[in-house]
Structure formats: structure tokens, C-alpha cells
Amino acid sequence: MDTMTKLELLTAAAKYDVACTSSGIDRDARLGHLGSTTCAGICHSFSADGRCITLLKVLLTNSCLYDCAYCANRRSNDIPRVAFRPQELAELTMAFYRRNYIEGLFLSSGIVRSPDYTMELLCHTLSILRESLGFEGYIHAKAIPGASEALVGRLGRLADRLSVNIELPSERSMQVLAPDKSHASATAPMGIIASKVAQDRVDRASSRKRRQRFAPAGQSTQLIIGASPETDLDILMLSSSLYRRFDLKRVFFSAYLPHNDDSLLPGVAADVPLEREHRLYQADWLMRFYGFEASEIVDEEHPFLDPLLDPKVSWALQHPELFPIEVNTAPYEMLLRVPGLGVRGARRLVRARRHVTLSHDSLAALRLQLKRMQYFITCNGRYRAPLAFEPELVRSRLVADAVSARAKRKGGLELAPGQLSLFEEAQPLLDGGPDARDLLPPEAAPFQPFQREQLRAFAAQERKLASLPAAGCMS
């Protein structure tokens, strides 16, 4: 098979992995080597001067030993199986780089023969790029769960960022949909990477000798959303734990795309939960930059994020005792929790109030967006929102504003019938049979982002799990 046909198949097979983003690493050009990388960004990012910076996102092979139900490359799928030779892929990457098509590489692979054998192929490919061809551009590589510590260490010296995908949010779902894997097989290499990154920092700080860094842009992971019945609470609690335990740079969320014919999965009629993915990213941002804990954003009483409003607005409306706050005296940490006020805006506000008593006009002069803020603040004791601060009234107004803004983005056209039925509050829980209904807490039904196909699949997963012998369960 020719190289371009392989490239077409293996780049298409890699599209389901979203765990690649801006580089987060600076490296200058060196005499005798080709390329450099900057924090300006890699893959679906934009540099300060507006350039879109991209990387080649490809699998080494789409052959795989595993039969994960949600994966397009699962062992039982009847698809063309191809593989790059390490030298072939390295030379192709260099050819693309020289033509200014890319500024880096994202490399993953199906599992062939064994995790160690696959990791050896990945390491060999990257060593050709780095050591034989002198490539200094950005490389993001997927470490293979179950591979040896030595191979993880080797890969980390060749790549700028590593990722190990957990994929499913719970061990229960892993047991049903990916029985060849476990959470432990993914978290073990994540622990190795975290310890080596930390040790590398210590070694570099204590030595003046130039040395090759270990995964200087850190590590990330990916969770698939909507293939299994975990709540947003489950997902965010897991994300929070991963950030703490392994010092991750990012947790990526990938809305499940129905492409396999499997009774355990939502069928092609199921809506892709893109809005849910978006809300999870917003919640993740609040945890990473705004000081929120996962348990503040969602809890047992409200295990799903409100699909109609962003998580910060939902949190504020659930805590009317804290609002409105006085912007001239509120601590910075509380300002960060005001809907519509971001990190940079809060900093500008704090600097300005050192010199003047702020009014609503002052906030507009600071280029702060008052459309949402106005409901949650007072300026020098004055509340200037068009509605009294009553959570239900404010929520109704903000939802109406969001719907209006969405219509404008659509060019003023009405949305297609059923297009947003996934998120209509009044939609009843669809009839999926008694065991489907039992999967989900009744109080969550108004905000439940699941439809018939998903409920059917989740019920089938529960039955499969119940039928497995106890001895076969993973710890």
C-alpha cells in the first residue's frame, strides 16, 4: 500500500483522540537541527499574530489487539488495517515540516503484539526524528497503558508532552465496554510520568549541565462522554482527582460519536452530547483557574450540569445568600465567582478600586461585560439590574438571553425541529423500560442529557455487568 493511502487511513483513525492542544513549551532552533517550538501553540491553536499552527495527527497503526466497544479501530471491526514503518513516518513528518504544512507531530497507535512492542515502535519512530533527522519541533506522544517503566521513560525523553487516555470515567464501564483495559493500567504510567517530570525539575535545578528534558510540556488524558451512564459529578470528581494525583496539564472531554453497531452502545439515532462536553470544559476551567472544587459545581442533589446555563451562573443562582456582592470591597477570590467576570477583568477591577470608588459606569470604562454581571453585583451600594435578584427570575432572563444569542449566531433562523430536544427542560424521561429508568436519579430528570438510544444502551450495560461472574470483576 502506498504512503498516501496509509496517511489517509491513519489520520482519519486518529481523529477521535482530542488530547492534543497548544505546546506549552519553548525550544530554540539549534545549528544542525531542524525546527523549533514556542508556547504560541500547536494543533487547533492560534499564535499571537493570528496564525493557525497545526501538527500531523496520526496513528502508527490502526491494528489493535483490544476490542473496546466504542473504538472505531476495535479488533472485531472489518476495516482496512495498515501501518507505517517508523522510518517511513519519520521521513513523512519531516517532508511535511519542510513544506510548512505542520509544526509538530501527534503520534498514537493501536496495540500490536503487546504494549511493550507498540511502545518500542513509537520510541523508534521518535528517535529517528530527534536523533537521526534532527527534528526539534513539537511532539505529543501517547504512552501505551501496560508498557514498562523503562519504555515510558524513553518516550518521555523524546516527546514534549505525553498522554495516557483513561477513556471511560468508571471501572464499571471499563469492565463492560473495554474488558482488556482497567483504570489501573492507565493510572500506572500516569504515575510514572508524574514522578519523572518532578524528578527532572529537581535534577535540572541542581545541575548546570544541559540535558534532555522529560516531557517538558507535561501530560494529559481524555475521557469519553456519553458512551456510559456516569454523571457529570462522577466525571468532574475523577478529573479533580487526576489533576491532584498526577499534576496533569489538561483533562480532555470527548463527546461519544456513535459509529459502531453494538447493543451496549448508543446507536446512530442518539444525539452526540456536544453541549454536555462544552459545559464540562467550562466546569474544568472553573476548577483550574477560578478556585472551584468539583463538589461545588455539581453534587449529589444536582449531579448534572445545567445544559442551558454555564456552570458559574448555575453556582451563583444556587447561592443567593452570597449575592449581590459589593465590587468595591469584595475579596478577589469572591470576584472570580461573579458570572461574567473573568480572571483578567477581576485583576483590572482590583487595581482600579485602589484609586477610585467604582460605579457601574466605571466598570463599563474598564471594558467589563455587565450583561450578566449586573445581576450579581452592587457598586457603592447601588444595584442597577433590570430585575430584582431572585434566582428564578434571573435564571429565566439569562436563559432567554442565551437562546436569543444562539438564534443570532444561526443568522436569526429557527433551529431545526428536535435539534435541541436533548436539552429541553420540559422533555420527560423517555421510555427505556424499567431498568433504564432505574439507572438515573428521578430528581435529575429535568436536566438529564440522555435520550432513548443512550438509556437503552445504559440498561444493556447494567445487565451485562450484572451477568459477569464476581471472579471476573476488576478491582
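As a reminder, the structure under discussion sits directly above these lines.
Under the counting rule described, the total for this entry stands at 11 aromatic pairs. Judged by centre distance (5.1 Å) and plane angle (90°), the ring pair of Phe-450 and Phe-458 falls under edge-to-face. By way of ring pairs, the aromatic residues Phe-292, Trp-315, Phe-323, Phe-376 and Phe-389 are connected into one cluster. Looking at Arg-250, its charged tip hangs above the ring of Phe-252, at a distance of 4.7 Å from the centre. Just above the ring of Trp-315 sits the side chain of Arg-337; from NZ or CZ to the centre is 5.0 Å.

A word on the sheet that holds strand β5 (residues 138-142). Pairing is parallel across the open sheet formed by 6 strands, whose spatial order is β3-β4-β5-β6-β7-β8. Each edge of the open sheet is held by one strand with a lone partner, namely β3 (56-59) and β8 (250-255). If you compare each strand with its neighbour and ignore which way they point, the axes differ by 20° on average. Here β3 pairs with strand β4 (residues 104-108) via 4 bridges, running parallel. Note that in β4 the partner of Lys-57 across the bridge is Phe-106. Sheet strands touched by helix α2 (residues 86-98): β3 and β4. Its angle to β3, the strand with the most contacts, is close to 165°.

This brings us to unusual backbone geometry. A cis amide bond links Phe-323 with the next residue in sequence, Pro-324, at an omega value of -5°. Inspection of the secondary structure assignment puts Pro-324 in the loop between α10 (311-317) and β9 (325-326). With phi around 50°, Asp-247 is a residue other than glycine that occupies positive phi space. With respect to the secondary-structure elements, Asp-247 resides in the loop between α7 (232-246) and β8. Positive phi values are uncommon outside glycine, yet Asn-380 reaches one of about 55°. Within the secondary structure, Asn-380 sits in the loop between β10 (377-378) and α15 (391-409).

Ranked by internal contacts, the top residues of the largest apolar core, which has 122 residues, are Leu-126, Leu-363 and Phe-376. Sort the elements by how many residues they give to this core and α7 lands first, with 7 residues. In this view, Phe-376 contacts Ala-316, Leu-317, Phe-323, Pro-324, Ile-325, Val-338, Pro-339, Phe-389, Val-394 and Leu-398; residues no more than four positions away in its chain are not counted. Listed in part, the 5 residues of the second largest apolar core include Phe-304, Phe-450, Leu-455 and Phe-458.

Here the focus is the pairing of β3. Where burial is concerned, the two faces of β3 agree: the one with Leu-56 and Val-58 and the one with Lys-57 and Leu-59 are both buried. At this point the chain moves from β3, through α2, to the parallel β4, and the crossover so formed is right-handed.

Turning our eyes to something else, we now look at α7. Over its 15 residues, α7 extends 21 Å from the first C-alpha to the last, a length consistent with the 21 Å expected when each residue adds 1.5 Å. The element α7 is extensively covered by neighbouring structure, given that 11 of its 15 residues are classed as buried. Along α7, the positions that sit buried rather than exposed are Asp-232, Leu-233, Ile-235, Leu-236, Leu-238, Ser-239, Ser-240, Ser-241, Leu-242, Tyr-243 and Phe-246. Buried-residue contacts for α7 involve α6 (183-206), β7 (219-225), β8, α8 (274-289) and α9 (294-297). Positioned one or two residues after α7, Asp-247 has a phi angle of 50°, which is positive.

Take the environment of Leu-322 next. Residue position: Leu-322 is located in the loop between α10 and β9. Distance from Leu-322 to Met-334, taken between C-alpha atoms, is 9.3 Å for residues 12 residues apart in sequence. Excluding anything up to four places from it in sequence, Leu-322 contacts Trp-315 and Met-334.

Take helix α4 (residues 149-158) next. Every buried residue of α4 is listed here: Leu-151, Val-152, Gly-153, Leu-155, Gly-156 and Leu-158. Buried residues along α4 sit in contact with α3 (115-132), β5, β6 (161-163) and α6.

Criteria and thresholds
Residues numbered from 1 in each chain as written. Predicted model: local features only at pLDDT ≥ 70, side-chain atom pairs only at ≥ 80, totals over all residues. Heavy atoms only, no water. Phe/Tyr/Trp six-rings, centres within 6.5 Å; stacked < 30°, edge-to-face > 60°. Lys NZ or Arg CZ within 6 Å of the ring centre and 35° of its normal. Pairing = 2+ DSSP bridges. Helix = DSSP H or I, 4+ residues; strand = E, 2+ residues; numbered from the N terminus. Axes fitted to C-alpha atoms, helices over the stretch in contact; angles between N-to-C directions. Contact = heavy atoms within 4.5 Å. Core = buried A, V, L, I, M, F, W, Y, C linked by side-chain atoms within 4.5 Å. Buried < 20%, exposed > 50% of the residue type's maximum accessible area, 1.4 Å probe, protein only. Right-handed = clockwise from strand over helix to strand, strands pointing away. Expected span 1.5 Å × (residues − 1).

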